[in-house]
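# Structural characterization, general
Listed below, chain by chain, are the residues.
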Amino acid sequence: MPQKLDYHWHLRRIMADRGMFQTTDLIRPLAERDITLSSSQVYRLATERPERLSLKILMALLDILDCSMDDLIEPVAVAGSGKRPKKAAGGASTGESLGGLRPKRAKITR
């Protein structure tokens, strides 16, 4: 099964390394590159991990901050695939220690 990948977004740290401590410090350099973003959009870009990002904005950030894509985006492997392991025939999955602590299903008799 292919490994699941995720990423860490390091824009805020790189901005601080370059002496840019306020998110609004990016507005003017972006505007010089014909990218108009509101202060709230720039704030979200710097403080949150973007799910979608245009290549034009990405290239502008790399140019403004004089960094590489490896500096800005760090790929990381996800620990699990997010799926629960299948239960064994006995009812408890392998390595599950709480299986014996669960209540048994009540039987209705007539």
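Up top is the structure these notes are about.
Because the structure is predicted, anything quoted here is derived from the model rather than measured.

Calculation criteria
- Residues numbered from 1 in each chain as written.
- Predicted model: local features only at pLDDT ≥ 70, side-chain atom pairs only at ≥ 80, totals over all residues.
- Heavy atoms only, no water.
- 1 Å grid on protein atoms, 1.4 Å probe; cavity = no way out; pocket = protein on both sides within 12 Å on 5 of 7 lines; lining within 4 Å.
- Points joined across faces, edges and corners; volume = space filled by probe spheres on them.
- Nonpolar A, V, L, I, M, F, W, Y, C, P; charged D, E, K, R; others polar.
- Helix = DSSP H or I, 4+ residues; strand = E, 2+ residues; numbered from the N terminus.
- Buried < 20%, exposed > 50% of the residue type's maximum accessible area, 1.4 Å probe, protein only.
- Contact = heavy atoms within 4.5 Å.
- Arc of directions from axis to C-beta.
- Salt bridge = Lys/Arg side-chain N within 4 Å of Asp/Glu carboxyl O.

## Focus on the layout of surface pockets
Counted as a void, the largest pocket has a volume near 170 Å³. Forming the walls of the largest pocket are Leu-37, Gln-41, Arg-44, Leu-45, Glu-48, Arg-49, Pro-50, Arg-52 and Leu-53. For the lining of the largest pocket, a count of residues per class yields four nonpolar, one polar and four charged.

## Quick look at the side chain of His-10
Relative to the helices and strands, His-10 resides in the loop between strand 1 (5-9) and helix 1 (11-17). Here His-10 falls in the buried class, since its relative accessible area comes to 18%. Aside from chain neighbours lying at most four places away, what touches His-10 is Asp-71, Leu-72 and Glu-74.

## Some remarks on helix 4 (residues 55-65)
Looking only at helix 4, the buried set comprises Ile-57, Leu-58, Ala-60, Leu-61, Leu-62, Ile-64 and Leu-65. Packed against the buried residues of helix 4 are strand 1, helix 1, helix 2 (27-32), helix 3 (39-47), helix 5 (69-72) and strand 2 (73-77). The first or second residue beyond helix 4 is Asp-66, which carries a positive phi of 50°.

## Some details on helix 3
Buried within helix 3 are the following residues: Val-42, Leu-45 and Ala-46. With its buried residues spanning 90° around the axis, helix 3 presents them on a single face. Tucked inside the fold, the buried residues of helix 3 contact strand 1, helix 1, helix 2 and helix 4.

## Some words on the pattern of salt bridges
Summed over the entire model, instances satisfying the criterion amount to four salt bridges. Its salt-bridge partner being Arg-13, residue Asp-17 comes within 3.6 Å of it at the nearest N-O pair. In this pair, Asp-17 and Arg-13 both sit in helix 1, four residues apart, roughly one turn of the helix. The class for Arg-13 is partly exposed, based on a relative accessible area of 43%. Between Glu-51 and Arg-49 there is a salt bridge, and its shortest N-O distance comes to 3.4 Å. By relative accessible area, Glu-51 is classed as exposed at 63%. Here Arg-49 falls in the partly exposed class, since its relative accessible area comes to 34%. Because the salt bridges share partners, they merge into one network encompassing Asp-6, Arg-49 and Glu-51.

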